[in-house]
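# Notes for the structure review
Here is how the chains run, residue by residue.
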Amino acid sequence: SYPLITNLLTGWRSLLEEFAMTFANIKAVKAEPLTGEARLVEMLTYLRPAGSQTESDWIERFILPVAEKHSHAFWWDAFGNLYVQVGPYEPRRAWCAHTDTVGRTEGRVTVALEGNVVGVPNGRSTCLGADDGAGCAILLEMIEAGVRGLFVFFAEEEVGGRGSSHAARKEASFFDTLDFIAA
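Procedures and definitions
- Residues numbered from 1 in each chain as written.
- Predicted model: local features only at pLDDT ≥ 70, side-chain atom pairs only at ≥ 80, totals over all residues.
- Heavy atoms only, no water.
- Helix = DSSP H or I, 4+ residues; strand = E, 2+ residues; numbered from the N terminus.
- Buried < 20%, exposed > 50% of the residue type's maximum accessible area, 1.4 Å probe, protein only.
- Salt bridge = Lys/Arg side-chain N within 4 Å of Asp/Glu carboxyl O.
- Lys, Arg positive; Asp, Glu negative; His and termini not counted.
- Contact = heavy atoms within 4.5 Å.
- Phe/Tyr/Trp six-rings, centres within 6.5 Å; stacked < 30°, edge-to-face > 60°.
- Lys NZ or Arg CZ within 6 Å of the ring centre and 35° of its normal.
- Pairing = 2+ DSSP bridges.
- Axes fitted to C-alpha atoms, helices over the stretch in contact; angles between N-to-C directions.

In terms of helices and strands, the protein chain carries six helices and nine strands. Sorting the 183 residues of the protein chain into buried and exposed places 37% on the buried side.

The final tally for this structure, using the stated rule, is six salt bridges. Of the charged contacts, one joins Glu141 and Arg39 as a salt bridge, the two residues approaching to 2.7 Å between their closest N and O atoms. Remark: Arg39 occurs in helix H2 (residues 36–43) and Glu141 occurs in helix H4 (residues 133–144); sequence separation between them is 102 residues. The class for Arg39 is buried, based on a relative accessible area of 3%. A salt bridge links Arg92 to Asp179; the nearest nitrogen and oxygen atoms lie 2.7 Å apart. Taken as a pair, Arg92 in the loop between strand S3 (82–86) and strand S4 (93–98) and Asp179 in the loop between helix H6 (172–175) and strand S9 (180–182) lie far apart in primary sequence, 87 residues in all. Given the relative accessible area of 52%, Asp179 is considered exposed. The structure contains a network of salt bridges with shared partners spanning Arg39, Glu141 and Glu144.

Inspection of the secondary structure assignment puts Asp132 in the loop between strand S7 (117–119) and H4. Notably, Asp132 is buried but unbridged: the nearest opposite-charge side chain belongs to Arg48, and the N-O separation is 7.4 Å. The residues contacting Asp132, other than those within four sequence positions of it, are Arg48, Ala97 and His98.

Another aspect to go through is the packing of aromatic side chains. Working definition: an aromatic ring pair is given by the centre-to-centre distance plus the angle between the planes. This structure, assessed with the given rule, holds seven aromatic pairs. Considering the side-chain rings of Phe174 and Phe175, the 5.6 Å spacing of their centres and the 75° angle between planes classify their relative orientation as edge-to-face. With a relative accessible area of 24%, Phe174 lands in the partly exposed category. Here the aromatic cluster, defined as three or more aromatic residues joined through ring pairs, consists of Trp75, Tyr83, Phe174 and Phe175. The lysine or arginine in question, Arg48, covers the ring of Trp58, its NZ or CZ lying 3.8 Å from the ring centre. The aromatic ring of Tyr46 is capped on one face by Arg108, whose charged end is 4.0 Å from the ring centroid.

Turning to the sheet that holds S9, a few remarks are in order. Through backbone hydrogen bonds, the strands of a sheet pair up, either in parallel or in antiparallel fashion. Spatial strand order, S2-S3-S8-S4-S9: five strands in an open sheet with mixed pairing. Looking at the sheet topology across the chains shown, the edges are occupied by strand S2 (73–76) and S9. Recorded for the sheet is a direction-independent mean angle of 20° between the axes of neighbouring strands. Summarising the sheet, S2 and S3 pair through four bridges and their orientation is antiparallel. Paired with Trp75 across the two strands is Tyr83, which belongs to S3. Of the strands in this sheet, S3, S4 and strand S8 (149–154) touch H4, which is tilted by about 155° from S8.

Attention now goes to unusual backbone geometry. One non-glycine residue, Glu156, adopts positive backbone phi at about 55°. Its location among the elements puts Glu156 in the loop between S8 and helix H5 (162–170). The exposure class of Glu156 is partly exposed, given its relative accessible area of 21%.

Pasting the structure below:
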């Protein structure tokens, strides 16, 4: 009898089963677009350091499908900020959020919805508090509802406000034409 080998094999089997279940769940989630609370909770599971692959995947999964389906036009600036125009240019208003999170670690975390609060179970610490995922989710809901205006998803805000600073410098004449901006 080799108890060490048996324990190792059992552990590997459990990990493989967990991976298979996780992969099956991811495929199921991708099959149906999420909205409302379910989308918010799912969005908050992503740790998205500025410029990371996870941030790019997150934008592709949550923001681009809404922009493609519900906007009049959308475009990227040279820095990587995403602009989504809903309806004609009037009224001249903009809503802004950012797509990155604090931290250098990318990947996924577990979050839970308890009542009206989304949090990290068991009080484990993550960067959830430094995350504008909720702001992005609100903008997506507004876009889907047909609220007219410009929606801006800034890049690299958690590393010095680089995306909005770029927009303020390079797109100043455009932003000057707006009646108001909410961030």
